Amino acid sequence: MISICAFAAGCSHEGEQGAENSIRVGIITSLTGAEARFGLAQKYGYQMALDEIEARGVLGKRLELVYQDDTSKPEVASLTVEKLSDRNDIVALMGAYSSSATFPAAAVADRYHIPFICPSATTDEITRQGYQWVFRVCASASDYGRTLVEFLTKVADAHKLAVVYENTQFGSSVARAALEQAPRAGIEIVAYEAYDQGGTDFTPLLTRVKSAGPDAVLFVSYLADATLLMRQSKEIDLNPKVFTAGGAGFSLPDFLKGAGDTAEYTISVTQWTPDAKWTGSRDWADTFRTRFNYEPSYHSVQAYMSLMILADAIERAGSTERIAVRDAIRTSKLDSIFGPIHFNEVGQNEHQVAITQVLNGKFTTIWPPSAAISPPVLPTPPWRARSAAAESGSTGAHEAHIAALVSGSEKLLQTMASGLLTGGIYALIGIGLTIIFGVMRVVNFAHGALVMVGMYATYFLFTYSHIDPFLSLVVVMPGMFVAGVILHKTLIAPVLRAPELNQILLTEGISIVLINTALLLFTSNYLTMTTSYAGATFHLGGVSVSKPQMAAFAIAVVITAAVYVFLVRTGTGRQIRAASQDAEAACLLGINIKRVQALTFGLGVAAAGAAGSLLMPIYYRVEPNAGSPFTLKAFVVVVLGGMGSVTGALVGGIVLGLAESLGAVYVATGYKDVIGFVIFLLVLTLKPSGLLGRSKV
Amino acid sequence: MKRAKIYLSVLSLFLIAAPFLFEARYSQHVLILVLLYVALGSAWNILGGFAGQLSLGHAAFFGIGAYTAAVIASKTTLSPWWAMAAGPLLVLPIALLVGWICFRLRGPYFTLATIAVGEVMRLVALNWSDLTGGAVGVVIRPSIFSGTSKVPYYYIVLFIAAVTIALCHGISRRKLGYYLMAIREDEETAESIGIDTTKYKLIALAISASLTAIAGAFYANYFLFVDPTIVLPLALSVEIVLMAIIGGLGTVPGPVLGAVLLKLSSEVFRNEFAQANLLIYGALLVIVILFMPDGLIGGFRRLFRLGTRKSQRVSA
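Residues numbered from 1 in each chain as written. Chains lettered and ligands numbered in written order. Predicted model: local features only at pLDDT ≥ 70, side-chain atom pairs only at ≥ 80, totals over all residues.

A. Representation of the overall build of chain A within the structure. Within chain A, the secondary structure is distributed over 24 helices and 18 strands. The C-alpha atoms of chain A give 27 Å as radius of gyration, which agrees with the globular expectation for 697 residues (26 Å, within 12%). Counting only C-alpha atoms and orienting by the principal axes, one finds that chain A spans roughly 85 × 75 × 45 Å. Expressed as a percentage of its 697 residues, the buried residues of chain A come to 61%. Taking all contacts inside chain A whose residues are at least 6 apart in sequence as the whole, residues at least 24 apart take part in 74%. (Helix = DSSP H or I, 4+ residues; strand = E, 2+ residues; numbered from the N terminus. Rg over C-alpha atoms; globule rule 2.2 N^0.38 Å. Buried ≥ 20, exposed ≤ 12 C-beta atoms within 10 Å, placed from the backbone. Contact = placed C-beta atoms within 7 Å.)

B. Inspection of the overall build of chain B at higher detail. A tally of helices and strands in chain B yields 15 helices and two strands. Taken over the C-alpha trace, chain B has a radius of gyration of 20 Å; the compact-globule value for 316 residues is 20 Å, and the two agree within 12%. Oriented by its inertia axes, the alpha-carbon framework of chain B measures out at about 70 × 50 × 40 Å. Taken across its 316 residues, chain B has 54% of its residues classed as buried. Within chain B, residue pairs in contact and separated by at least 24 positions form 77% of the contacts whose partners lie at least 6 positions apart.

C. Focus on the packing of helix α12 (residues 234-247) of chain B against helix α13 (residues 253-272) of chain B. Residues and elements named next belong to chain B. One way to put it is that α12 packs onto α13 with a least axis distance of 7 Å and a crossing angle of 110°. As judged from the angle between their axes, α12 and α13 are roughly perpendicular. α13 is crossed by α12, and the crossing has right-handed handedness. From α12, L242, M243, A244, I246 and G247 reach across to α13, where they touch G254, P255, V256, L257, G258, A259, L261 and L262. (Axes fitted to C-alpha atoms, helices over the stretch in contact; angles between N-to-C directions. Parallel < 35°, antiparallel > 145°, perpendicular 65-115°, else oblique. Left-handed = near helix turned anticlockwise from the far one by under 90°.)

D. View of the sheet that holds strand β1 (residues 22-29) of chain A. Residue and element names in this part refer to chain A. An order of β2-β1-β3-β4-β5 is seen for the five strands of this open sheet, with the pairing classed as parallel. Each end of this open sheet is capped by a strand with a single partner; those strands are β2 (62-69) and β5 (134-136). Taking the axes of each pair of neighbouring strands and ignoring which way they run, one obtains an average angle of 25° across the sheet. Each of β1, β2, β3 (90-95) and β4 (116-118) is contacted by helix α11 (residues 298-317), which is oriented at about 155° to β3, the strand it contacts most. (Pairing = 2+ DSSP bridges.)

E. Structural detail: the interface of chain A and chain B. Between chain A and chain B, the residue contacts involve 69 residues of the former and 61 residues of the latter. For the side of chain A that touches chain B, the secondary-structure elements that each account for two or more residues are α1 (2-13), α3 (74-85), α4 (99-111), α6 (169-181), α17 (500-522), α22 (628-641) and α24 (672-686) of chain A. Per-element tally for the side of chain A that touches chain B: the top contributor is α17(A), with 15 residues. Tallied by class, residues from the side of chain A that touches chain B come to 38 nonpolar, 20 polar and eleven charged. (Nonpolar A, V, L, I, M, F, W, Y, C, P; charged D, E, K, R; others polar.)

F. Highlighting helix α12 (residues 322-330) of chain A. Residue and element names in this part refer to chain A. Three or more residues of α12 are buried, namely V325, R326, A328 and I329. Taken down its axis, α12 places every buried residue within 165° of arc, on the same side. Check the buried side of α12 and you find it contacts β3, β5 and α11. (Arc of directions from axis to C-beta.)

G. Quick look at the packing of helix α14 (residues 408-440) of chain A against helix α23 (residues 646-666) of chain A. All names here are of chain A. As a packed pair, α14 and α23 sit with axes 6 Å apart at the nearest point and diverge in direction by 140°. As for the relative orientation of α14 and α23, their crossing is right-handed in sense. Residue classes in the contact of α14 with α23 are distributed as 14 nonpolar, 13 polar and two charged.

H. Seen up close, the domain arrangement of chain A. Residue and element names in this part refer to chain A. Under the domain assignment used here, chain A contains domain 1 (18-139 + 279-341), domain 2 (142-270 + 354-406) and domain 3 (409-686). Here domain 2 and domain 3 have C-alpha centroids that lie 33 Å from each other. Facing the 28 residues of domain 2 at the interface are 24 residues of domain 3. Among the secondary structure elements, those contributing two or more residues to the side of domain 2 that touches domain 3 are β7 (188-195), α7 (203-211), α8 (223-235) and α9 (253-259). Considering only residue class, the side of domain 2 that touches domain 3 consists of eight nonpolar, ten polar and ten charged. (Domains from an automatic or database assignment.)

I. Up close: the sheet that holds strand β6 (residues 160-166) of chain A. All names here are of chain A. The mixed open sheet is built from seven strands, whose spatial order is β7-β6-β8-β9-β10-β13-β14. Two strands in the sheet have a free side with no partner beyond their single neighbour: β7 and β14 (362-367). Put simply, the sheet's adjacent strands are angled 25° from each other on average, direction ignored. As judged from the five bridges shared by strand β13 (residues 354-359) and β14, these two strands associate in the antiparallel manner. Looking across to β14, one finds that I355 is bridged to W367. Here α7 sits on the sheet in contact with β6, β7 and β8 (216-220), set at roughly 170° to β7.

J. Up close: the pairing of β6(A). All names here are of chain A. With respect to burial, β6 is a largely interior element, six of its seven residues being buried. Relative to β7, β6 runs parallel, the two sharing seven bridges. Within β7, the position partnered with K160 by the bridge is E188. The handedness of the β6 to β7 crossover, carried by α6, is right-handed. Alignment of β6 against β8, held across five bridges, turns out to be parallel. Across the sheet, the residue bridging to Y165 is V220, located in β8. (Right-handed = clockwise from strand over helix to strand, strands pointing away.)

K. Structural view of unusual backbone geometry. Residue and element names in this part refer to chain A. Residue A96 is bonded to the preceding G95 through a cis peptide linkage, with omega at -15°. Summarising the element assignment, A96 is placed in the loop between β3 and α4. Residues other than glycine seldom take positive phi values, yet D157 does so here, at roughly 55°. Located in the positive-phi region is A248, a residue other than glycine, with phi close to 50°. Mapped onto the elements, A248 comes out in the loop between β9 (242-245) and α9.

L. Local environment of the pairing of strand β17 (residues 543-546) of chain A. The side-chain alternation of β17(A) yields two buried faces, one formed by V543(A) and V545(A) and the other by S544(A) and S546(A). Connecting strand β16 (residues 537-540) of chain A to the antiparallel partner β17(A) that follows it, the hairpin turn spans two residues, and G541(A) within it adopts a positive phi of roughly 55°.

M. Structural context of the confidence of the model for chain B. All names here are of chain B. For chain B, the average pLDDT comes to 87, and 96% of its residues sit at 70 or higher. Taken together, the stretch residues 310-316 has pLDDT below 50 and engages in zero contacts with residues farther than four places along the chain or on a different chain. Note on the complex model: pTM 0.86, ipTM 0.83. (pLDDT = per-residue confidence, 0-100.)

N. Seen up close, the nonpolar core. Core analysis: the biggest nonpolar cluster contains 347 residues, and L310(A), L428(A), L36(B) and A215(B) have the highest contact counts within it. No other element matches helix α2 (residues 25-50) of chain B, which puts 17 residues into this core. Not counting residues up to four positions away in its chain, the partners in contact with L428(A) are A556(A), I559(A), A607(A), A610(A), A611(A) and L614(A). (Core = buried A, V, L, I, M, F, W, Y, C linked by C-beta atoms within 7 Å.)

O. Examining α17(A) more closely. Residue and element names in this part refer to chain A. Between its terminal C-alpha atoms α17 stretches 33 Å, which fits the 33 Å expected from 23 residues at 1.5 Å a residue. In terms of burial, α17 is largely enclosed, as 18 of its 23 residues are buried. Once α17 finishes, T523 follows within two positions and takes phi at roughly 55°, a positive value. (Expected span 1.5 Å × (residues − 1).)

P. Summary view of the environment of G657(A). Residues and elements named next belong to chain A. Inspection of the secondary structure puts G657 in helix α23. Taking the C-beta count within 10 Å as the criterion, G657 has 27 such neighbours and is therefore assigned buried. With residues near it in sequence (within four places) discarded, G657 still touches G419, L420, T422, G423 and Y426.

Q. Spatial organisation of the confidence of the model for chain A. Residue and element names in this part refer to chain A. Predicted confidence across chain A gives a mean pLDDT of 86, with 94% of residues reaching 70 or more. A low-confidence stretch, residues 1-17 (pLDDT under 50), is modelled with 18 contacts involving residues beyond four sequence positions or located in other chains. When the criterion is pLDDT under 50, residues 393-403 qualifies, and its contacts beyond four places in sequence or with other chains add up to 19 contacts.

R. Structural detail: the environment of K160(A). Within the element layout of this structure, K160(A) appears in strand β6. The sequence separation of K160(A) and E188(A) amounts to 28 residues, and the corresponding C-alpha distance is 4.9 Å.

S. A look at the environment of G133(B). Residues and elements named next belong to chain B. As for its position among the elements, G133 is in the loop between α6 (129-132) and β1 (138-139). For G133, a count of 23 C-beta atoms within 10 Å puts it in the buried group. Separated by 117 residues in the primary sequence, G133 and G250 have C-alpha atoms spaced 38 Å apart.

Here is the structure:
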């Protein structure tokens, strides 16, 4: 009841005062959730515009921004439009960040007749709905596709294109545009692969691409995946004539840090670069750097532009009437740091996208010719020539390009190898979960978040104390063990007698708290680290194996063996096993069951932390949601191996790793997780004790 | 009993008058969402609360209802409101298949299997783009209520919620309800006294899934946009369950109370705490589960009972 009253009161009183001397603009962006780092980039952009407008004001009034967090969810984004459009003191809205959040939000804004400016959502659908109140500042997905195809035919002379895209609204829009445009320009699409965002291993996917023999590759990915795609392209020695990308992850400053030297020569569409020849863009970038100590990305510029366009429109309209403002936006004509601004009849700013190439570790504009600063370096030198060049000190772009086709058996071996190695990591994550489940019957939903904690710990140990990630296990595991024991004593033990769903939801609550604490402490930006052996591979009969992945696999097996020996040979281990078989009987035999449970939980959490440490040299980066994909995978592993069985977890992890990579290569990348879940359901229903049967350890 | 009736009629009057008491569109929108989650939590409760089958895959049924509306809108000339009828019909065979697979399993194994079912549905919707539009999703054009008023939607969702609660109430007082609770308390014993447990679990699942699909169909017609991240995420399944647990598992008013409190508080937190809003939400979740393991209804009851016992002792 109290909250109902608060809610009713909140609606009627909010924002009535002070309306006469300030103009309010509603801003929807992602302050929390998976897209929070882009929300932050946008926020900086809005702040830049606000700083600039502050001095002169708009119509002699102050401009005030009303922020709404869409928590990275489309449903909430449209809810915030419902909320803000209702307030008469708000002139216009802008946002959100992602395509999937912006699209429904724009629909609501149009329905309620409030001007709505989209800074950065690229999906073509937004301008295809006949909206009268919606304007888009950035170029659309089909512009990306068109520009890239034009570049590939005119400059790169590529004929066989492989498209690899994240299966999101943004990714599939850009990929679809390329799919439609390429055949018209005489380019054949030889591979068209979707993958689930936040991938943990792309070698199967890239192997599939490699065997299609493309002379150009197009990636449409966000930062985390972009980094891993490039590093793993090197690992499996994928050598197209040119690596191209549909903006997003590939054109962010953090990509250069995360991908390291593998970023070199990649070509990407971009909406804006600091070196663009547009009025004042270099100065703007300098101001931005000093103000926020942060490299500006096009997301900030788009947000900045959206607010500048609105301020200009209000000024020209001479009023804050929504309809007058809308008509003024429609006739905007600005010469800006984002190029000339002009909206066409569907509300699209006719923005010219540029193409950049990473040259000497910097984004350099190479297309269109009018904006180019330097000519493109083509074809991309093969990976092996690059390292040779680095050693001999020459530029090394002269080696002839060989479109390496992979033989059938090599492809199979490569797929099996990467499946096996990924399986080792899955196993280690699964072991933690399985011993916790075995002893306490608690399904731990916080497991992925605990892996994330291990990743952050490893990152900080490496960055500030220069402790190697593999060595940091010695610190991370005991630390996580203690944390696990404390977590058990304070939160888990009290609910052990409650219904199991309470336990699941409690651990889910713990997961939310851990992820959002990380968000507040470390922000949502990726923290990337590069070890000296990052990307190192060795070749075994045509199969390339990543050294850090191999090392991680070996350590995972060693840890599994150690846990096994501990459970079988030591007294405490026997007590744990006794407790997992029959807690009451164990109690009657004088085993201190509480102590055993706390130990087990600590051990499980330590294993999750170890997995985090081992993931860092492979994964290169950490962010608050980095561990989340592993929770469900760990469940699958545990069920495949039989709940409570350590050796089972190893087998389950390897089976899942192999199933995923074989599925990705020979069925379809998009369905690889379905394969995992189907095996999971089959094992659950046909052989609930797991693949190994009745093994108890 | 009489007092309960008075409360109920006051509440009904309030709910019928609500769109006129809260004229702001935003308040009406929040009310609609609250009622939608009341319906979802209550529908889940039939299977999860009464029968004790703790499903974490209800987003699958919600998604099927919503996608039925989306496919009707994009592939036919019919009104997507037909999904309110077609959704449950479509969901029934799928629910029976899911039941056939999952009801062999007990406890956490059942819960994990339902998670897998939900995730498979999401991945299918994501990859079968010819039918579902894939990640791009489907835009639905408003077909009957093309104006901007939310009042018709409010009454539709109020009706859905009321029917769902009435069904829950009815089931809890009839043979079916007692059978389900017997299954929840001890499945072997229920079986031994002649209850066909699989049959009754399937009936509970069918009712629960159909009601969830209806809510999904409503959501698509109201929200006018459907994509896999909106109508099929695991987070949605978790949220539905939260409503029931926080309110009180297996009671009729539990999920109602849970939905009202959780939806309103997450909205208040989002408005008040900026970046920390999810952190506070999560912390609160942990606290409630630790200190009120049988939900708010149970917590209140215990408080109340404790109070009366004390007063009795005093009077004695």
